[in-house]
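# Analysis of the macromolecular model
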Amino acid sequence: MSSPYKVKLNFLPLVDPAPPFRVYRKIRDSNEAKPTDDVSGFSLPCDQDPDTRNPYWVLFEAATGFEEFSVNWFDNVHLTRRVLFYALQESVQQQLQANEYDLPKKRFYEELSFNFDEHEEGCEQLRVQPYYLKTTKQFGWLVDFHFRVKEGVPFSRRIQQLSLSLDRNFKRNLDCYQDRRKRINEFVAQRRDVLEKVTLPGTTEPLSLSDTFSSLPAKRLNPKVYLFSGDKTSRSQFSGLRQHGPLVPLDATPKLLFAFRECDRQAARTLAVALRGSEKRERVTFPGFESLFKASITFDAEPIILDDLTLATFEKALERVKHDRESEPLTMPIFVLPDGDDNGYMQHKAVFSHEGIPTQVCTLRVINDDYSLKWSIANIALQLFCKAGGKPWKVQPTSKRSLIIGISQSHKINETADSRPVIEKYFAFSVMTDNSGLFQQMRVLGDSPQETTYLDELRNNLREILADNASEFSQVVVHTSFRLKRNEMQAIEATVREAAQGTASESCQFGVVKVNHRSRFFGFNPDINSLVPYEGTEVSLGGGEHLVWFEGIFPDNLTVGKAFPGPTHLTFLRVSENDPVSDDALLQDLVNLSGCNWRGFNAKSAPVSIFYCHLVADFVRRFHEEGLPLPKVQDLRPWFL
């Protein structure tokens, strides 16, 4: 790891000692249901013995049966954060017009938005939420820029521009960090009067707000090193693959079977020529499938002609592919489809993935645009190679061999007559890799219309996976998605804790990491003009919370070549007190796994354990919504790329 430096966090701390605030509370029985939506449950000290705590129902306004109680800020940091948000809402409603802010639809969702510049496509906002920074023991506000798209407005390049991912010329915004900081600073300055008049219940003086954002120490984790044929290494996936060849080559020659409408025949020919590759094409770096992957390919001379884009037509195409695979098992269907939500993509994907047959799709927009095809063809070829059974690269893992189990869910939700969402189907699955990033398998963990049965299945199947792998791996670490509900997280954490305390723990360490890439955290490197932190930067927030930049600049190359995303928020959940997995090992594995995305050479840099889960979850959600068959998730080839 490199020497530390400083990152300025988008956290405005409150300063000066704060007096106790007032709430109203009453004792809560352990099995008592929540009496009203306004009430929340918190643990607080008793009146008679401050060292003893009891569970209470808490309100911020007087009510029958509730007694007044004075709360110190550190009596319960979760309650303090909640009362801060309550007081912020009160301050905003008293000082601003209704169109100048957005309150959350869910009463206790702790985020509020200040509205600023309006556009036809939506509104620029400053989103604010209370936060307790454990490492400095400070309360304050996380503040971040957001562009809220108007309901019904289709996604467009203009929206990307207003969201700061594209610049004024609709090219990649290489100044996105500078632009984001500028808007945050401007918007905070315009609403500082509101933030500085926040007064907690039972107090008379408003909270005092710092003039500057918090600056925290940061360190760089070890850079990713990619391994290829013969365990030769490179810092670049593309260069390493081209120079050394794939880690695991194909064991047979794939036959590419094109499927398209008759009107799209020329587009299919264009795609076939691009896959073969040609050094003569202007500025094309893709040398061709055979040259890059050191494997030959053939093309079926009798393509599938799609009469239309209906489910019946795709089912007919499936029968043709199944017939061909009887004699040539590595027949790979490639669909050329039009653009748009009704282009048959989901229908064909459901039909083929249900049978365990991976497919490849390319749309007319990409094929017919020379610039798009030039930059996309290498990624299309990479996906084909992986779906055909090849493994292009892996990363150099940490010293201990670990199994990484990514867990996510995709529930089927319908609305009742009064528009309340109701879950009709509970579905959870796992994507397993080792800590070198090699895809292992997928498994269904829970599939039931009843929550109780579903949670039992989740526990039992996860328990089985942990037991089966404890003897093979030195560490088994679960990466959970931020999409998981509280009951699911509790079931997973309890099951892993049980494994960590059992006989399996004698030879294996266990851990659980919650991964959230949609948090409001952001940060800047004040020593660099671009403000972009270094790739692999880690900032500790205390209490098992960390921020990691999976993408960024390098100390020996400060050039910004893309619009880098913000950090990913990680929470380490302790499941073993005796022999826990070290934080550094967990962090390094996460950074390494962010380089194992086989969806593309410049694909999203996120741990594949979670990224693959989100891809599958999105597919399953759409399949549920459209009444389509579910995928054969146990298939060993990554059909979801």
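For clarity, every value in this text was computed on a predicted model and none was experimentally measured.

## What about the nonpolar core?
Core analysis: the biggest nonpolar cluster contains 84 residues, and F258, L271, L275, F289, V336, Y612 and F640 have the highest contact counts within it. The element that contributes the greatest number of residues to this core is helix α14 (residues 608-625), accounting for 11 residues. Listed in part, the 73 residues of the second largest apolar core include Y86, L112, F213 and L547.

## Observations regarding helix α10 (residues 370-387)
When the terminal C-alpha atoms of α10 are compared, their 25 Å separation across 18 residues agrees well with the 26 Å that a helix rising 1.5 Å per residue should span. At S376, α10 shows its maximal kink, close to 40 degrees. Structurally, the start of α10 carries an N-cap: the backbone nitrogen of Y371 is 2.9 Å from a side-chain oxygen of D369. Once α10 ends, the next one or two residues include G389, with phi positive near 110 degrees.

## Notes on the sheet that holds strand β20 (residues 394-395)
The three strands lie next to each other as β14-β13-β20, forming an open sheet whose pairing is antiparallel. For this open sheet the edge positions go to β14 (233-234) and β20, each flanked by a neighbour on one side alone. With two bridges joining them, strand β13 (residues 226-227) and β20 adopt antiparallel strand pairing. Bridge pairing in β20 places Y226 opposite V395.

## Quick word on the side chain of Q509
Positionally, Q509 belongs in strand β26 (residues 509-516). According to the relative accessible area criterion, Q509 is buried, its value standing at 8%. One polar contact links Q509 to Q475, side chain to side chain, over a distance of 3.0 Å.

## Describing the environment of P4
Relative to the elements of secondary structure, P4 occurs in the segment before β1 (5-9). Between the C-alpha atom of P4 and that of A218, which follows or precedes it by 214 residues, the distance is 5.4 Å. Setting aside residues up to four positions removed in sequence, P4 forms contacts with A218 and K219.

## Re empty space enclosed by the protein
This structure, assessed with the given rule, holds two cavities of 30 Å³ or more. Its volume calculated, the largest cavity comes out at about 60 Å³. As for the largest cavity, its lining consists of F510, G511, V512, F572, L573, R574, V575, S576, P580, V581 and L586. A per-element tally of the lining of the largest cavity places β26 first, with three residues.

## Points about the state of the cysteines
Summed over all chains, the structure comprises zero disulfides. Looking at the unpaired C362, the closest cysteine sulfur is the one in C263, lying at 15 Å.

## Re the sheet that holds strand β11 (residues 208-209)
A sheet is described by the order of its strands in space; here six strands give the open sequence β7-β8-β9-β10-β2-β11, paired in antiparallel fashion. On the outer flanks of this sheet lie β7 (101-102) and β11, each paired with one strand and no other. As paired strands, strand β8 (residues 112-118) and strand β9 (residues 122-133) are joined by five bridges and run antiparallel to one another. Residue E118 lies in a different strand from β9, and its bridge partner there is C123. Running at roughly 120 degrees to strand β10 (residues 138-149), helix α3 (residues 176-195) makes contact with β2 (11-15), β8, β9, β10 and β11 of the sheet.

## Details of helix α5 (residues 265-276)
Taking 1.5 Å of rise per residue, the 12 residues of α5 would be expected to cover 16 Å, and the 17 Å separating its terminal C-alpha atoms lies within 8% of that figure. Along α5, the residues classified as buried are A267, A268, L271, A272, A274 and L275. One side of α5 carries all its buried residues, which in axial view fall inside an arc of 160 degrees. Backbone geometry just downstream of α5 places G277 in the positive-phi region, at approximately 90 degrees.

What counts and what doesn't
Residues numbered from 1 in each chain as written. Predicted model: local features only at pLDDT ≥ 70, side-chain atom pairs only at ≥ 80, totals over all residues. Heavy atoms only, no water. Core = buried A, V, L, I, M, F, W, Y, C linked by side-chain atoms within 4.5 Å. Buried < 20%, exposed > 50% of the residue type's maximum accessible area, 1.4 Å probe, protein only. Helix = DSSP H or I, 4+ residues; strand = E, 2+ residues; numbered from the N terminus. Expected span 1.5 Å × (residues − 1). Bend = angle between axes of the 7 residues up to and from the residue. Polar contact = N/O pair within 3.5 Å; in protein donor to acceptor, adjacent residues only side chain to side chain. Pairing = 2+ DSSP bridges. Contact = heavy atoms within 4.5 Å. 1 Å grid on protein atoms, 1.4 Å probe; cavity = no way out; pocket = protein on both sides within 12 Å on 5 of 7 lines; lining within 4 Å. Points joined across faces, edges and corners; volume = space filled by probe spheres on them. Disulfide = S-S within 2.5 Å. Axes fitted to C-alpha atoms, helices over the stretch in contact; angles between N-to-C directions. Arc of directions from axis to C-beta.

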